[in-house]
Amino acid sequence: MSNSQEDAVGHDTATDEKYRTYASISFAVLLLGVGIPLWWYTTAVPRVPLPYSGIAALSHHETKIQTDIIVAALSKERAEQLAQEIKSFFEDSEIYSLRVRFEVVSRNLMSSAFTTNELETIAYSFNLKMGNLLLLEALNLNEEILVGSNRTVFFAPDTDVKKVTEIVSKWILRDKSLALTKNALTHPTEYSLDKENRRRFPTSPAYDVLLTLVNPDPEKLKVNWSLPTIADVYLQPFLNEISLVADFHIKSQWLYLVPLNVKPKEVYDSSILGRHFALSEDILPQLITPLEKKLASQVSLHPCINLVAYVVPCEEGPLHIYSRNGHRAQTVNIEAFHSPRWGGVVIINPPVDACISTKPVEITPNDATVIGVFFAQLRLLLGIPDPTPIPGAAVVPLFGFKPREWELDTLLRVRAVEQLTSAKLTLQSLAQLLEEISNIVITETVGNRIKNALNFVEESSALLQSGNLRDGFLKSKEAFATAEAAFTDPSLLALLYFPDDQKYAVYIPLFLPVMIPVLLSLKNIRQYYFPR
């Protein structure tokens, strides 16, 4: 072979080797530089960044409520003594940070006030804001201490300062109950809720109030009662007064031919004038289950507060409730009971002459009596308990269906603490879950909700610490609702059951046959550019 032919063959061989090398480089670039990153990007779980450090800091975040207390006494020594006693008593409080100041009030002014309305008029001149409290020394009191309908506690000149502090602690600020509420949510295995907290409904942005009349014998007893009128005239005004706490939706219904499913015991008691039927307190919880099946209270996502009026049929009436020791449980002329976090039941006994007649009889329940019991039950279920009796202390009677102003303040504090604590725990649980399971999708919506909930918690705490109870409560309500919405977002379950090992098991059989030649060609590329 001539030299020209050998040069041509060598030139062609070098050219082919060069093209093969370029082809290998292009394949490697496309697969390793474009294909694998593109596959990784398209199969990666979308997760927006979250403020994990801020959520972790909530563990060391304490909720403090600043409350301003004004002590107005007839002398400077008396006012200063009471102010110092209150400061000392609440110095180690877990919840409260008190600002106490004292003033001297005119003796002539207080001596001219004889009625509660006149005392309340004097208290109005102090311009108390929501969450504030006034301790006012009064001369013409029938009791040692009288708690007004506004944000005022009146006390007599000879009242012990420790008793005044006890009233403020147990009835108005309820510092121990608030601390127990927070600790029971944070450490449920170490603390248990007290009776009041176990009875009231847990916090929620909205509630349904279901007013139900149960008539097991509609053919005999015709009940003349307008439930919508009862709801609008009696219940709605009270719920409007506490609408700041949550949204309330009143519903009403009639149920016919629904018995108690519990056979009452026939007894004779001379105090009730003869034969009647008795239900023991022990079997009252058994009445809730058959009623619950018929009430249709689960038609809404909101917690339902049941207010049930049960009309006793003639063959089981009159019906009365007895305590465990065999005595009548009710001290008023109406039978009723309530179930914690469920609702209340009022038993309406038909008149005796109605049951004597053989024809259908129309009966009209006493609106004031029945609604008065419903109103008392509703207050308990929402977290407005009756004050525990303390000798020498009394509370101004309720005016209509409007709650006392200090009761509303107390309810806002309880709800604010519960909502803030629940929002913190929800955010911490959600952050821990998202850190441990990397396959859960975190969308922009969920990420924004978590960030907003964290901001609401911080803003609410700052407002409460500055003494702004109203705005602090509203921010805590937003924090609770936003945190719950983030925790229950359905997008969090999008790729929960598609872990990385399954992803590799699906795609590796597709990539491996293509990658082996490309990876082997990397050796030829190296030898082409670095022959030595």
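The structure this text deals with has already been given above.
What you are looking at is a predicted structure, and each value in this text was computed from that prediction instead of being measured.

J.: Please clarify how the overall build of the chain should be interpreted in this entry.
T.: Summing up its helical and strand segments, the chain has 16 helices and 16 strands in all. For a compact globule of 532 residues, the expected C-alpha radius of gyration is about 24 Å, and the chain comes in at 36 Å, more than 25% above that figure. Looking at the 532 residues of the chain, the share that counts as buried comes to 46%. Partitioning the contacts of the chain with sequence separation of at least 6, the portion at a separation of at least 24 is 76%. Carbon and sulfur atoms form 56% of the exposed surface of the chain, whose accessible area is close to 27,400 Å².

J.: It is not clear to me how the environment of Ala309 should be interpreted in this structure. Could you clarify?
T.: By the secondary structure assignment, Ala309 is in strand E11 (residues 304–311). Sequence spacing of Ala309 and Trp254 is 55 residues, and the spatial spacing of their C-alpha atoms is 9.8 Å. Residues within four places of Ala309 in sequence aside, it is in contact with Thr212, Leu213, Val214, Trp225, Val346, Ile348 and Phe374.

J.: What should I look at first to understand the sheet that holds strand E2 (residues 96–104) in this one?
T.: In a beta sheet, neighbouring strands pair by backbone hydrogen bonds and run either parallel or antiparallel. The 6 strands lie next to each other as E2-E1-E3-E5-E4-E16, forming an open sheet whose pairing is mixed. Each edge of the sheet is formed by a strand with only one pairing partner; in this case those strands are E2 and strand E16 (393–395). Adjacent strand axes in the sheet meet at a mean angle of 20° when their direction is disregarded. As judged from the 3 bridges shared by strand E4 (residues 145–147) and E16, these two strands associate in the parallel manner.

J.: How should the sheet that holds strand E6 (residues 206–215) be read in this particular structure?
T.: Reading across the sheet, the 5 strands line up as E8-E6-E11-E14-E13 and stay open at both edges, with mixed pairing between neighbours. Taken across any chain shown, the strands that pair with only one partner, and hence form the sheet edges, are strand E8 (247–256) and strand E13 (335–339). Ignoring strand direction, the axes of neighbouring strands in this sheet form an average angle of 15°. Pairing analysis gives 10 bridges linking E6 to E8, with the strands arranged parallel. Within the sheet, the bridge partner assigned to Asp208 lies in E8 and is His249. Against the sheet, helix H9 (residues 227–241) engages E6, E8 and E11, with an angle of about 155° to E8.

What counts, and where the lines are drawn
Residues numbered from 1 in each chain as written. Predicted model: local features only at pLDDT ≥ 70, side-chain atom pairs only at ≥ 80, totals over all residues. Heavy atoms only, no water. Helix = DSSP H or I, 4+ residues; strand = E, 2+ residues; numbered from the N terminus. Rg over C-alpha atoms; globule rule 2.2 N^0.38 Å. Buried < 20%, exposed > 50% of the residue type's maximum accessible area, 1.4 Å probe, protein only. Contact = heavy atoms within 4.5 Å. Areas by Shrake-Rupley, 256 points an atom, 1.4 Å probe, with all protein chains shown as cover. Pairing = 2+ DSSP bridges. Axes fitted to C-alpha atoms, helices over the stretch in contact; angles between N-to-C directions.

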